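So you can see what is in the structure, the chains are spelled out below.
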Amino acid sequence: MSCCAPTEIVSDIERVEHSTPSPEEMLLVSRTLGDGIRQSDLSVPGVHCGACIQKIESALSKLEGVAGARVNLSTKRVSVRWREGKVPPLFETLERLGYEAHLFDPAADKKDEALAELIRALGISGFAAANIMLLSVSVWSGAEGATRDLFHWVSALIAIPALAVAGRIFFRSAWSGLKHGRANMDLPISIGVLLAYGMSLYETVHHGEHAYFDASVTLLFFLLIGRTLDHVMRERAREAVKGLARLAARGAMVLRPDGSRDYMPTEEIEPGMRLLLAAGERVPVDAEVEVGTSDLDCSLVSGESAPQNVAPGATLRAGTLNLTGPLTIRALAAAKDSFLAEMVRMMEAAEGGRTVYRRIADRASALYAPLVHLTAFLTFLGWMAVSGDLHRSVTIAIAVLIITCPCALGLAVPIVQVVAARRLFESGIMVKDGSAMERLAEIDTVVFDKTGTLTVGAPRLVNADAIQPQTLALAAAMAAHSRHPLSKAIAKGGAAAPHQALADTRELPGYGVEARVGENLYRLGRADWAVSGGSAETGTVLSKNGELLAGFEFEDRLRDGAAETVRQLANGGVQMEVLSGDRPAAVEKLSAALGIQAFRAGVLPGEKADRVAKLTADGRKVLMVGDGLNDAPALVAAHVSIAPATAADVGRNAADFVFLRESLSAVPLAMRISKDSGRLIRQNLTLAVGYNAIAVPIAILGHVTPLVAALAMSLSSILVVANALRLKGAARPTIAQAAGNAKIGGATLGSMEPV
Amino acid sequence: MATLLYLIPIALFLGGLGLGAFMWSLRSGQYDDLDGAATRILIDDEDEN
């Protein structure tokens, strides 16, 4: 991307291996619009400005077969309409422009009914509130007699659609709460609004002086603002997460017995079918290799950082990534019996075992509703006893209800969470719902996964200095021809040295790269293949005519900010643990480097979830940070969970927070913002209670009029919102820091890559 | 008083027009991409040849 400074880096293109969807996959996922036009939806997380829109739309529209393309900047998607026939090269075009693109499932995306209803209700209640307030101000300014009655009648009429449309949202929620025997926040709201309207109508009919139409409708309007904002923020986060890359393949190329090929959806693959798996594709179902050798990346599935060699006879698990060579495999199980599906089942089991978290707002309203109703009732009784005037007693009791009506209380919690979600969003952290922030503020233990979470999952060459520059340059030149992660690490490590162009190279998947220069045969790859006559060396080596030239050592690169994060968490008194499916040596080394004492290696997915459950049973509140498929059950079992954007999509959907940027400092930042928002929520609740403490005595003494109610309601709401806006987000990075973190157009800004 | 009898309905009608326009804009999908709509103003139309 070169249009403007990147503000959100979603993922390093070279880090997350994802293949460009095949034309068959695109055809499978597209929708027909009729008239021979199909529509494909792509998610393009890197889009963020007007120049991006223009570039993408014009480039895609120019493609042959494309009828039109439209970018949606808010959801970061492109809808492309194309004519049936040849599938246009959308992904190649986008990647050439510098945008990572993923195929998006329209089936997974239903129209947001709730948002449309909320905005409609907001519009109608806003219209009603404004017009009724106009008329009320006239009354307060001194309209008398018949004029006042006329205004009251008109207000009553205007309030009817507002109550019907806007009030329905609250009435419905209060009613369903009542049916389950619970009183939620919507119950006092509904009762207050209905009683206010009823009483005002009665007053109007009897030519009374005070009518509370404006109070009831304005209350609905203010509360709806809070709800709509909350909904929009949550939807935005969910959409952003949905738009990231998908782990499971949608389909696979099936090789039929008669030799023909057929692209079938994953669900239709049966055991015994032979499938063709190209390099760069993910294994769709558990299978056994029949023909071919290759290397497999299992990091997202099991947490192992080193790629595995496979040869005919080896078993492959669904979700692993085929790196180097094409394979013919035979399916061993259907998709629903694969490892992926097993993870989903474990996740559901973990979810059932988790205790339901009661949100602060619900806890407050459980206290609030009965208290308010009791106060109003007692006021009624008291006035009846004192004055014996039924009309006056009822009026004052309802006035008490109205004045205590939770305008401030109903806004206190949602508005803080909306502001907090916004601050997190600006730092590239998506939060799925408000209760996640409340839960994050409570934790005292953090469990980390290793591969892909604490580390980036990409190996790094560490002994480059010990190797002769020409040898390194030659190795880098050869390594450039392979997609194997170790080759890419060598290519990067030797990039500084000038290298010769090699004419005759070929890659042997599962073994390495071979090159011929003059009469010399160079081999870069597995020691037992490169060095003739066997060798004590293991790992990756470069050999010349069968003789060892150099050995290479690798280390998994630590994620940016990992050490800093561990230090910050330790300072905050949080206990930490590493649970990994990788080999003990690697896990121990990493834990020592970071300073975490407790660690376990070789952990199976079920064991991870069990460990989290045991910590929870011990009374600890656990935050799980993980990215892989093997972390998914543990993510669900924990009190709250965070996943990086590069995580498996199952894990991303299970986690409460997803962070888009590379740095692990998202974890302490999210914790800080959650704690701050918890503090502001408590302040807001105190403000709301304080306001009530002042207003209720005034109401009981009978001094509340519609003017007083309107003023009190507005002032308390403004106060609560203003307090919420005080929430501080992350400190803005300096230009140097931003340059160090950013990559523009694939090349790194600044001199050194962050290590 | 007589003036109010026709002024108030006129005021409500105008307000109703505004509400109707809002509902229409909602249904025609103008709120689907607020960020995009904001930045599209700045895009120059390329010369159509």
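See the structure printed just above.
Residues numbered from 1 in each chain as written. Chains lettered and ligands numbered in written order. Predicted model: local features only at pLDDT ≥ 70, side-chain atom pairs only at ≥ 80, totals over all residues. Heavy atoms only, no water.

**Remarks on the overall build of chain A**
Okay, step 1: Along chain A, the regular secondary structure elements total 25 helices and 30 strands.
Okay, step 2: Taken along the three principal axes of its C-alpha coordinates, chain A extends 115 × 65 × 50 Å.
Okay, step 3: A total of 755 residues make up chain A; the buried ones form 53% of that total.
Okay, step 4: Long-range contacts, defined here as pairs at least 24 residues apart, represent 70% of the contacts in chain A between residues at least 6 apart.
Okay, step 5: Of the roughly 32600 Å² that chain A leaves accessible, carbon and sulfur atoms contribute 58%.
Okay, step 6: On chain A, the mean spot of the 75 positive side-chain charges and the mean spot of the 78 negative ones are 4 Å from each other. (Helix = DSSP H or I, 4+ residues; strand = E, 2+ residues; numbered from the N terminus. Buried < 20%, exposed > 50% of the residue type's maximum accessible area, 1.4 Å probe, protein only. Contact = heavy atoms within 4.5 Å. Areas by Shrake-Rupley, 256 points an atom, 1.4 Å probe, with all protein chains shown as cover. Lys, Arg positive; Asp, Glu negative; His and termini not counted. Charge placed at Lys NZ, Arg CZ, Asp CG, Glu CD.)

**Let's talk about the overall build of chain B**
Okay, step 1: Counting its secondary structure elements, chain B contains two helices and zero strands.
Okay, step 2: Dimensions of chain B, computed from the C-alpha atoms along their principal axes, are close to 60 × 25 × 15 Å.
Okay, step 3: Counting every position in chain B, which comprises 49 residues, the buried fraction comes to 22%.
Okay, step 4: With an accessible surface of roughly 3900 Å², chain B has 64% of that area assigned to carbon and sulfur atoms.

**With respect to the interface of chain B and chain A**
Okay, step 1: Taken together, the contact between chain B and chain A spans 20 residues of the former and 25 residues of the latter.
Okay, step 2: Counting each side, the surface lost to burial between chain B and chain A is near 1900 Å², with a carbon and sulfur contribution of 68%.
Okay, step 3: If you look at where chain B meets chain A, you find one salt bridge.
Okay, step 4: The salt bridge partner of Glu57(A) is Arg40(B), with a shortest N-O separation of 3.0 Å.
Okay, step 5: Between the two partners, chain B and chain A, sit three residue pairs in polar contact (both at pLDDT 80 or more).
Okay, step 6: For the side of chain B that touches chain A, the elements supplying multiple residues, two or more each, are helix H1 (2-27) and helix H2 (34-40) of chain B.
Okay, step 7: Sort the elements by how many residues they give to the side of chain B that touches chain A and H1(B) lands first, with nine residues.
Okay, step 8: Broken down by class, the residue content of the side of chain B that touches chain A amounts to ten nonpolar, four polar and six charged. (Buried area = accessible area lost by both parts, 1.4 Å probe. Salt bridge = Lys/Arg side-chain N within 4 Å of Asp/Glu carboxyl O. Polar contact = N/O pair within 3.5 Å; in protein donor to acceptor, adjacent residues only side chain to side chain. Nonpolar A, V, L, I, M, F, W, Y, C, P; charged D, E, K, R; others polar.)

**What to know about the pattern of salt bridges**
All names here are of chain A.
Okay, step 1: Summed over the entire model, instances satisfying the criterion amount to 28 salt bridges over all chains.
Okay, step 2: Note that Glu-117 and Arg-172 form a salt bridge whose closest N and O atoms lie 3.2 Å from each other. Linking Glu-117 in helix H4 (residues 113-140) with Arg-172 in helix H5 (residues 145-179), this pair joins segments that are 55 residues apart in sequence.
Okay, step 3: Note on Glu-117: relative accessible area 18%, which makes it buried.
Okay, step 4: Salt-bridge contacts for Arg-557 lead to Glu-662; the nearest nitrogen and oxygen are separated by 3.7 Å. Placement of the pair is Arg-557 in strand S23 (residues 554-558) and Glu-662 in the loop between strand S28 (657-659) and helix H23 (666-700), with a sequence separation of 105 residues.
Okay, step 5: Here Arg-557 falls in the buried class, since its relative accessible area comes to 8%.

**Brief notes about the nonpolar core**
Okay, step 1: Formed by 113 residues in total, the largest nonpolar core has its most connected members in Tyr212(A), Val446(A), Phe448(A), Leu623(A) and Phe657(A).
Okay, step 2: Counting residues in hydrophobic clusters, the runner-up holds 28 residues, among them Ala350(A), Val603(A), Leu615(A) and Val650(A). (Core = buried A, V, L, I, M, F, W, Y, C linked by side-chain atoms within 4.5 Å.)

**Focus: the environment of Val667(A)**
All names here are of chain A.
Okay, step 1: Of note, Val-667 is situated in helix H23.
Okay, step 2: Considering only alpha carbons, one finds Val-667 and Ser-302, 365 residues apart in sequence, at a separation of 23 Å.
Okay, step 3: In this view, Val-667 contacts Thr-565, Leu-569, Leu-623, Val-625 and Ile-642; residues no more than four positions away in its chain are not counted.

**As for the pairing of strand S6 (residues 251-255) of chain A**
All names here are of chain A.
Okay, step 1: Burial within S6 is extensive, with four of its five residues counted as buried.
Okay, step 2: One ladder, built from five bridges, connects S6 with strand S7 (residues 261-265); its direction is antiparallel. Within S7, the position partnered with Val-254 by the bridge is Asp-262.
Okay, step 3: Hairpin geometry of S6 and S7 is characterised by an intervening segment of five residues between the two adjacent antiparallel strands and by a positive phi of about 95 degrees at Gly-259.
Okay, step 4: Of the strand pairs in this sheet, S6 and strand S8 (residues 274-277) are connected by three bridges, and their pairing is antiparallel. Across the sheet, Met-253 pairs through a bridge with Leu-276, a residue of S8. (Pairing = 2+ DSSP bridges.)

**Let's talk about the sheet that holds strand S18 (residues 504-508) of chain A**
All names here are of chain A.
Okay, step 1: On the basis of which strands lie adjacent, the open sheet formed by five strands has the order S18-S19-S20-S21-S22 and antiparallel pairing. Every other strand in the sheet has two partners, leaving S18 and strand S22 (547-552) as the edge strands with one partner each. Strand after strand, the sheet turns through a mean of 15 degrees between neighbouring axes, direction not considered.
Okay, step 2: Sheet topology places strand S19 (residues 512-517) next to strand S20 (residues 520-526); six bridges connect them, and they run antiparallel. Bridge pairing links Val-513 to Leu-524 in S20.
Okay, step 3: Helix-sheet contacts for helix H15 (residues 469-479) involve S19, S20, strand S21 (540-544) and S22, and the interaxial angle to S20 is about 75 degrees. (Axes fitted to C-alpha atoms, helices over the stretch in contact; angles between N-to-C directions.)

**Focus on the packing of helix H6 (residues 186-205) of chain A against helix H7 (residues 213-242) of chain A**
Residue and element names in this part refer to chain A.
Okay, step 1: Closest axis-to-axis distance for the H6/H7 pair is 8 Å, and the angle between their directions is 155 degrees. Classed by the angle they form, the pair H6 and H7 counts as roughly antiparallel. In terms of crossing hand, the pair formed by H6 and H7 is left-handed. Touching Asp-186, Ile-189, Val-193, Ala-196, Tyr-197, Ser-200, Leu-201 and Thr-204 of H6 are Phe-213, Ser-216, Leu-219, Leu-220, Leu-223 and Arg-227, all from H7. (Parallel < 35°, antiparallel > 145°, perpendicular 65-115°, else oblique. Left-handed = near helix turned anticlockwise from the far one by under 90°.)

**Looking at the packing of H6(A) against helix H11 (residues 390-403) of chain A**
Residues and elements named next belong to chain A.
Okay, step 1: Where H6 meets H11, the closest approach of the two axes is 9 Å, and the angle between their N-to-C directions is 145 degrees. Here the hand of the crossing between H6 and H11 comes out left-handed. Counting all contacts with H6, which are made through Ile-191, Leu-195, Ala-196, Met-199, Tyr-202 and Glu-203, the residues of H11 involved are His-391, Val-394, Thr-395, Ile-398, Leu-401 and Ile-402.
Okay, step 2: Residues of the contact of H6 with H11, tallied by class, amount to nine nonpolar, two polar and one charged.

**Some details on unusual backbone geometry**
Residue and element names in this part refer to chain A.
Okay, step 1: Positioned with a positive phi, Asp-35 is a non-glycine residue whose angle comes to about 60 degrees.
Okay, step 2: One can find Asp-35 in the loop between strand S1 (31-34) and strand S2 (37-43).
Okay, step 3: Asp-35 sits in the exposed class, given a relative accessible area of 81%.
Okay, step 4: At Asn-545, a position not held by glycine, the phi torsion is positive, near 50 degrees.
Okay, step 5: Position of Asn-545 among the secondary structure elements: in the loop between S21 and S22.

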